[in-house]
Amino acid sequence: MDVPLELSAYMRVLKLASTPGWDEFSQIALIAGAGILLIGLMGFIIFLVMGVVPGTGV
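Here's a quick rundown of the structure.

About the cut-offs
Residues numbered from 1 in each chain as written. Predicted model: local features only at pLDDT ≥ 70, side-chain atom pairs only at ≥ 80, totals over all residues. Heavy atoms only, no water. Helix = DSSP H or I, 4+ residues; strand = E, 2+ residues; numbered from the N terminus. Buried < 20%, exposed > 50% of the residue type's maximum accessible area, 1.4 Å probe, protein only. Areas by Shrake-Rupley, 256 points an atom, 1.4 Å probe, with all protein chains shown as cover. Phe/Tyr/Trp six-rings, centres within 6.5 Å; stacked < 30°, edge-to-face > 60°. Patch = residues over 30% accessible without salt bridge, like charges linked within 9 Å, V, L, I, M, F, W, Y side chains within 5 Å. Salt bridge = Lys/Arg side-chain N within 4 Å of Asp/Glu carboxyl O.

## So, the overall build of the protein
Scanning the protein for helices and strands turns up two helices and zero strands. Of all 58 residues assigned to the protein, the portion counted as buried reaches 0%. Just so you have it, the protein exposes about 5,500 Å², and 77% of that area is on carbon and sulfur atoms.

Here is the structure:
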């Protein structure tokens, strides 16, 4: 394992990377937020179904 060679590869990637603009950031934030809400809604629906089905409720 050649550490100096790996560090130079990492530095090259960091030099190519750039921070996203406001439009790109807001789009990513909206998509991530929608995904979180969707997963939470699915969990809540499963919780409600578990309460209705006899013998599986909390």
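## Focus: the packing of aromatic side chains
In this structure the tally under the stated criterion is one aromatic pair. When the centroid spacing of 5.8 Å and the interplanar angle of 35° are considered together, the rings of Trp22 and Phe25 count as tilted. Placement of both Trp22 and Phe25 in helix H2 (residues 22-52) is noted, with a separation of three residues, approximately one turn of the helix.

## Regarding a nonpolar patch on the surface
Side chains of Leu41, Ile45, Val49, Val52 and Val53 sit close together on the surface and give an oily, nonpolar patch of about 450 Å² of accessible area. Examined against the element boundaries, Val49 turns out to sit in helix H2. Val49 sits in the partly exposed class, given a relative accessible area of 45%.

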